[in-house]
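# Examination of the molecular architecture
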Amino acid sequence: MPGKILSVKANPGQAVKKGEVLLILEAMKMENEIVAPQDGTVASINVSAGDSVEAGATIATLN
């Protein structure tokens with residue numbers, strides 16, 4: 001969904017568990033937690049706090 005990145009909670013190389021918060025995205029005046037869909041390691045975070053993103057944008061990848 002399109003919105004603005006409020007904060008980044010994970011770093012590349014960090015191990016994450018399914019459901020762990022990676023980013024906070026503000027959309028339609030609501031804060032949405034973007035969580036890890038599965039256990040893994042954060043390969044990349046492609047946004048920074050304050051960035052605007054469009055629907056379908058790749059904002060993070062996991063290994």
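Our subject is the structure that appears above.
Report on the accompanying structure. (Residues numbered from 1 in each chain as written. Predicted model: local features only at pLDDT ≥ 70, side-chain atom pairs only at ≥ 80, totals over all residues. Heavy atoms only, no water.)

## Structural notes on the pairing of strand β4 (residues 30-35)
Cut-off, in case you're wondering: In this scheme, a residue with accessible area under 20% of its type's maximum is buried, one over 50% is exposed, and one in between is partly exposed, where area comes from a 1.4 Å probe on protein chains only. Where helices and strands are cited, they refer to DSSP runs of H or I of at least four residues and of E of at least two residues respectively, numbered from the N terminus. Strands qualify as paired when DSSP identifies two bridges or more between them.
Counted residue by residue, β4 has 0 buried out of 6 residues, so it is predominantly exposed. In this sheet, β4 lies alongside strand β3 (residues 21-27) in antiparallel orientation, the contact comprising 6 bridges. Directly across from Ile24, in β4, lies its bridge partner Glu33. In sequence, β3 turns back onto β4 through a hairpin of 2 residues, with Met28 there showing a positive phi of about 50°.

## So, the sheet that holds strand β5 (residues 40-45)
Ordered by their spatial adjacency, 3 strands build an open sheet running β2-β5-β7, and the pairing between neighbours is antiparallel. Strands at the two margins of the open sheet, each flanked by one partner only, are β2 (15-16) and β7 (60-62). Judged from the 3 bridges that link them, β5 and β7 form a sheet pairing that is antiparallel. Within β7, the residue paired with Val42 across the bridge is Leu62.

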